[in-house]
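The primary structure of each chain is shown beneath.
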Amino acid sequence: MNKLKMTCLVIALAAFATTAGATSPWGGQYFPNVELTTHQGETVQFFDDLIKDKVVVINFIYTICPDTCPLETARLAKVHELLGERVGQDIFMYSITIDPENDTPEVLADYARRFRAGKGWTFLTGDEDDITLLRQKLGLYIEEIQDGSNNHNVNLIIGNQKTGQWMKRSPFENPYVLATHIGSWLSGWKAPPEERRDYAKAPKVRNISQGETLFRTRCSTCHTIGNGEEGLPEGLRGPDLLDVTKRRERVWLERWIAEPDVMLAERDPIAMGLFAKYDEIPMPNMRLSEVDIEDLLRYVDSETRRVHMQRARDKRRQRQGIALASTRSESQQEPAGDVVAIMNAWVREAHPEAPVNAGYLTLINVGSEDVTLIGLTSPSFGQVELHEMAKVDGLMKMRRLAQVVIPAGGQVRFEPGGQHLMLKEPTKAPVRGDAIEVTLTFLSGRSQKATLPVENR
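Asker: Would you mind going over the sheet that holds strand β6 (residues 156-160) in detail, with residue names and values included?
Answerer: Here 7 strands make up an open sheet; going across it, the order is β2-β1-β5-β4-β3-β6-β7 and the pairing mixed. Every interior strand has two partners, whereas the edge strands, β2 (43-45) and β7 (165-169), have only one. Along the sheet, successive strands turn relative to each other by an average axial angle of 30°, direction set aside. In this sheet, strand β5 (residues 121-126) lies alongside strand β4 (residues 91-97) in parallel orientation, the contact comprising 4 bridges. Bridging across to β5, serine 95 finds its partner in phenylalanine 123.

Asker: Kindly report on the pattern of salt bridges, identifying the contributing residues and their values.
Answerer: By the definition in use, this model includes 18 salt bridges. Here aspartate 110 and arginine 114 are joined by a salt bridge, their closest N and O atoms 3.3 Å apart. You can see aspartate 110 and its partner arginine 114 sitting in helix α4 (residues 105-114), 4 residues apart, about one turn around the helix. Using a relative accessible area of 12% as the deciding quantity, one classes arginine 114 as buried. Two residues, arginine 298 and aspartate 295, come together in a salt bridge whose shortest N-O distance is 3.1 Å. Residue arginine 298 and its partner aspartate 295 are both found in helix α12 (residues 290-325); the two are separated by 3 residues, about one turn of the helix. Look at the salt bridges and you will find they share partners, linking Arg250, Glu254, Glu294, Asp295 and Arg298 into a network.

Asker: Which residues make up a negative patch on the surface, and what values go with them?
Answerer: On the surface, Glu101, Asp127, Glu128 and Asp129 cluster together to form a negatively charged patch. Residue placement: aspartate 129 occurs in helix α5 (residues 128-137). Looking at aspartate 129, the relative accessible area reads 60%, which means it is exposed.

Asker: Report on the packing of aromatic side chains, specifying residues and quantitative values.
Answerer: Scanning the entire structure with this criterion turns up 9 aromatic pairs. Centroid distance phenylalanine 215 to tyrosine 299: 5.6 Å. Interplanar angle 45°. Geometry classified as tilted. Note that phenylalanine 215 is positioned in helix α7 (residues 210-219) and tyrosine 299 in helix α12, a separation of 84 residues in sequence. Judged by its relative accessible area of 7%, phenylalanine 215 falls in the buried class. An aromatic cluster is present here, built from Tyr30, Phe31, Phe46 and Trp166 joined pairwise through their rings.

Asker: Can you tell me about the environment of arginine 457, naming the residues and giving the values?
Answerer: Its location among the elements puts arginine 457 in the segment after β17 (447-455). On the accessibility criterion, arginine 457 (42% relative accessible area) is partly exposed. When the C-alpha atoms of arginine 457 and tryptophan 346 are compared, they prove to be 9.5 Å apart, with 111 residues separating the residues in sequence. The contact partners of arginine 457, leaving out residues within four places of it in the chain, are Lys246, Asn344, Trp346 and Arg348.

Asker: Run through α5, naming residues and quoting values.
Answerer: For α5, the full list of buried residues reads Ile131, Thr132, Leu134 and Arg135. Buried residues of α5 fall within an arc of 160° about the axis and therefore sit on the same side. Among the structural elements, β1 (35-38), α2 (46-51), β3 (55-61), β4 and β5 are those in contact with the buried residues of α5. Sitting at the amino-terminal end of α5 is aspartate 127, which places a side-chain oxygen 3.0 Å from the backbone nitrogen of aspartate 129. Once α5 ends, the next one or two residues include glycine 139, with phi positive near 75°.

Cut-off values and rules
- Residues numbered from 1 in each chain as written.
- Predicted model: local features only at pLDDT ≥ 70, side-chain atom pairs only at ≥ 80, totals over all residues.
- Heavy atoms only, no water.
- Pairing = 2+ DSSP bridges.
- Helix = DSSP H or I, 4+ residues; strand = E, 2+ residues; numbered from the N terminus.
- Axes fitted to C-alpha atoms, helices over the stretch in contact; angles between N-to-C directions.
- Salt bridge = Lys/Arg side-chain N within 4 Å of Asp/Glu carboxyl O.
- Buried < 20%, exposed > 50% of the residue type's maximum accessible area, 1.4 Å probe, protein only.
- Patch = residues over 30% accessible without salt bridge, like charges linked within 9 Å, V, L, I, M, F, W, Y side chains within 5 Å.
- Areas by Shrake-Rupley, 256 points an atom, 1.4 Å probe, with all protein chains shown as cover.
- Lys, Arg positive; Asp, Glu negative; His and termini not counted.
- Charge placed at Lys NZ, Arg CZ, Asp CG, Glu CD.
- Phe/Tyr/Trp six-rings, centres within 6.5 Å; stacked < 30°, edge-to-face > 60°.
- Contact = heavy atoms within 4.5 Å.
- Arc of directions from axis to C-beta.
- Polar contact = N/O pair within 3.5 Å; in protein donor to acceptor, adjacent residues only side chain to side chain.

As structure tokens, this is what we get:
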């Protein structure tokens, strides 16, 4: 191990080797006091003005970065929000460019404005050799990936120069955890005395899917699912992703996640519209694989279903509360509202002369009793039947269903390759953009209307 790598390792372990009262080995004799320029155009010295006796967050970015830098900056914006007024008083944040030729103070000032960088968060530029030296001293320079491009270590450093505590952290860290590390662990926080604990009684942690992990670490800084744009830092709000797989073409959505920088360079109209709407903060290229994208969209779909189910449940409870407050006898009244919640409904666009077609939807029963679907009708088709694909004698065959039970608190999906609606005798060929109206009839005698858009999936 060479001397530089050994030094970086010592920095990473310094939190365990020094105490708050000890003299820090990481002072002016270690950190270069190089001259930098802030995004406000002020000249500062790295050690004397920026980190001496301070709790700091330091990362390296460049403003035309298409992938990690925007995501990292957005994460830090959330951390800044969580730390509140402490930033600029006892905590200081520094983002230093590795592309000083392009990132002038004016360019950095615009970048800081777009990401709503608040008080105590400074963007800096300087001499390229000085910045490289800082990266080396902070353990954020990897010689092997320097290929003439702006490849760089995507980690950031948090530290307390006075105590000698320095920690390397990932930009994909949960912002709440990162804010706790900065605001407590680096500021003299001490854990309460250990109590005897029975770890067998510890709560079980919910298993989190790969898609949810990706959403939490890559997407949740700028996006929500079903919560609108509330709770996101001002200026970093991306569109809410509820029903996004129905609002956007699947092929477009997959490509947008895979290479947003390319689509922006091509001036894709939808991409440019989003870019303009959300303060020209680009969607970062997160270098996700096809499998990652599939996992991520699967999670968005499942969370969308959960949100819709919860809303339907809340709506039902609200109706029940109104009914209980009514002076009329509840036992003499038919339950109001929809029988089931309906989502992800669509009809496949078929050949104009096709005698049959297929329809798909998900039925969600938020009630406390099973619901039985016994039939459907539509003015657009002579017959609508319930069908499923089933294995008979080792072969997959289609068979008609007399009824389908939606269990209490559960759901039934009509989807390709499984249960589906068989649409026969069309009155006209359905084309993409049409809306097919159907009426669902239940064993209870109640009925419910639904609209199935025609799509080319």
